[in-house]
Every structure is written in structure tokens, then in C-alpha cells.
Amino acid sequence: MKRSAINAYIDQACELFALHNFYLPPFAFWTPEQWTRVGEEAAEIRSVGMGWDVTDYGRGNFESMGLLLFTIRNGGGPRSSYHKPYAEKIMVVRENQVTPFHFHFRKMEDIINRGGGNLVLELFHSDADGNFTKADCQVSVDGIVRTVKAGDKLILSPGESICLEPDLYHTFYGETGAGPVIVGEVSAVNDDRTDNRFHEQVGRYPEIEEDEPPRYLLCTEYPAASAH
């Protein structure tokens, strides 16, 4: 991905969040120069991967397959100094912008439509080899049990949410004609490096073409803590 595109997509996300009165923590807006002056007081942010994350899944077409998200809070697991057992993200999902089918080995999560358009999900159970099955999916939508046939569309309008158990394949995208969706995620500890199983091989973090200076750093780009 080009750095200019990443800068622009984050700017657009900030405008959308502001439109819906969703506020990010101050470190969301720290410049790269500010990050060079931050010491160990921000070790938690660096360690657990809080902050901006923009990916095209290695396919080179962010508008059709991609995701923009900001990790607001996260734990580091039982062996970490950061013992939170939970995580929270906020995401922007564009119309017909697909997050490819994947499941999590350990993480349970609630996916929440926080505002904007409608979010479309498709679900499949997985077998022991990671293949789709034809079994119906029984899920909780705002505490109400729903049975969804394998691969059928389930639509969340603003305010609705779904609980996704581990090992349940899911994909999601914004419904055509309804506008971009602000999507929340409340979950167990998030570990995107080891806890994702994609149905088809994709790249999780993009290679970046530095065609202009970064206005924001992604969660994978923080410099080491400065000495005060």
C-alpha cells in the first residue's frame, strides 16, 4: 500500500468517527516525531499492539478487500505484564469492502455495528482440517439465539451485534448503498500474529511504499522507547 493512501484512509476514518461522536484516545493523533520522544510510559501501547492498523491483506486493492481498525485497548496474555483479559477495537468497513473468511483459535468476540451503514456477515463452521462445513450456525445476536444456514447473509443494522465463538469462520463487508460502517469489537485478548486462521492464504500486514511521509504510525511501526 502507498503511504499516501494509508494517510488518507486514516484521515477519512477520523472524519467518520467525528461525525458519529466517537472519540479516540490522544495517542491516536501522535505524530511520528512525537513517538520518537515517548519513553517507557507508553510501553503498554507498544507491547500489546494498540493503535492504527490498515491492511489490504496483500491483495493490492484496499477498496475491495481491506480493513481499517484502531485497537483501543488490549491485554498481553497470561505471561505478559499487561493482564487485561479483554480487548476493544473500532473499525471502518466500506461498502462491499471484504474482510476475508477467517476464524480465531482462542478469541471470542462481539462484532457491533456502532453506526453508519449495515454490516453483512457470512458464517461457516470449520472441520478439523480448516474446511467449511454445511452445518447450520447457531449464534447470539444481542442475546437472542439465531440459526443461520452455512454461507447465508446475516445483516447487522446500527446498534446490533453478534457474538462469534472460536473456530467459526466469518467474513464481513458493508452493504451496498448504505454507506461505510463503524464497527466495534469487544473481545478476549487479541493476537493477530498467532490467533487468525484464514480460509485462503492472505497477507495480514501490508508492505508500504513510502511515497510521502507518514502522518500516523501503524501499530507495527512504533520506534523503541526514548531515554528521558
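Cut-offs applied
- Residues numbered from 1 in each chain as written.
- Predicted model: local features only at pLDDT ≥ 70, side-chain atom pairs only at ≥ 80, totals over all residues.
- Heavy atoms only, no water.
- Buried < 20%, exposed > 50% of the residue type's maximum accessible area, 1.4 Å probe, protein only.
- Helix = DSSP H or I, 4+ residues; strand = E, 2+ residues; numbered from the N terminus.
- Pairing = 2+ DSSP bridges.
- Polar contact = N/O pair within 3.5 Å; in protein donor to acceptor, adjacent residues only side chain to side chain.
- 1 Å grid on protein atoms, 1.4 Å probe; cavity = no way out; pocket = protein on both sides within 12 Å on 5 of 7 lines; lining within 4 Å.
- Points joined across faces, edges and corners; volume = space filled by probe spheres on them.
- Nonpolar A, V, L, I, M, F, W, Y, C, P; charged D, E, K, R; others polar.
- Contact = heavy atoms within 4.5 Å.
- Axes fitted to C-alpha atoms, helices over the stretch in contact; angles between N-to-C directions.

Peer 1: Please set out the pairing of strand S7 (residues 137-141) residue by residue, giving values where relevant.
Peer 2: The side-chain alternation of S7 yields one buried face, formed by Cys137, Val139 and Val141, and one unburied face, formed by Gln138 and Ser140. Examined bridge by bridge, S7 and strand S8 (residues 144-148) share 5 bridges and lie antiparallel to one another. From the neighbouring strand, Val139 faces S8, where its bridge partner is Arg146. Taking the residues between adjacent antiparallel strands as the criterion, S7 and S8 are bridged by 2 residues, where Asp142 takes a positive phi near 55°. Sheet topology places S7 next to strand S10 (residues 161-164); 2 bridges connect them, and they run antiparallel.

Peer 1: A description of the environment of Gln34 should follow, citing residues and the corresponding values.
Peer 2: Position of Gln34 relative to the elements: it lies in helix H2 (residues 32-36). Gln34 sits 61 residues away from Glu95 along the chain, and the two C-alpha atoms are 34 Å apart. Within the structure, the side chain of Gln34 is placed 2.8 Å from the backbone nitrogen of Thr31, a separation counted as a polar contact.

Peer 1: So what's going on with the side chain of His170? Residues and values would help.
Peer 2: Position of His170 among the secondary structure elements: in strand S11 (residues 168-174). Reaching out from His170, the side chain makes a polar contact with the side chain of Glu109 at a distance of 3.1 Å.

Peer 1: Describe the layout of surface pockets, with residues and values.
Peer 2: Counted as a void, the largest pocket has a volume near 390 Å³. Lining the largest pocket we find 21 residues, and of these Val48, Asn74, Asn190, Asp191 and Asp192 sit closest to its centre. In terms of residue class, the lining of the largest pocket is made up of 4 nonpolar, 9 polar and 8 charged.

Peer 1: So what's going on with the pairing of strand S5 (residues 109-116)? Residues and values would help.
Peer 2: Here S5 pairs with S10 via 4 bridges, running antiparallel. What sits directly across from Glu109, in S10, is Leu164.

Peer 1: Give a detailed account of unusual backbone geometry, specifying residues and quantitative values.
Peer 2: Note: most residues except glycine have negative phi, and most peptide bonds are trans. Phi at Tyr57 is positive, roughly 55°, even though this residue is not glycine. Relative to the assigned elements, Tyr57 resides in the loop between strand S1 (51-55) and strand S2 (67-73). Among the residues examined, Tyr57 registers a relative accessible area of 4% and is labelled buried. Here the phi dihedral of Asn96 falls at roughly 60°; this positive angle occurs in a residue that is not glycine.

Peer 1: Tell me about the environment of Ile162, and please be specific about residues and values.
Peer 2: Within the secondary structure, Ile162 is located in strand S10. Put simply, Ile162 and Thr55 are 107 residues apart on the chain and 23 Å apart in space, counted from C-alpha to C-alpha. Contact partners of Ile162, with chain neighbours within four places excluded, come to Glu109, Asp110, Ile111, Leu121, Leu123, Val139, Ser140, Val141, Leu154 and Leu156.

Peer 1: Pulling in residues and values, what's your account of the sheet that holds strand S13 (residues 196-198)?
Peer 2: Strand pairing within a sheet occurs via backbone hydrogen bonds; the two strands may be parallel or antiparallel. The 5 strands are arranged S9-S6-S11-S4-S13 in an open sheet whose pairing can be described as antiparallel. Here the strands that pair on one side only, and so sit at the sheet edges, are strand S9 (153-156) and S13. Strand-to-strand twist across the sheet, computed as the mean angle between neighbouring axes with direction ignored, equals 35°.

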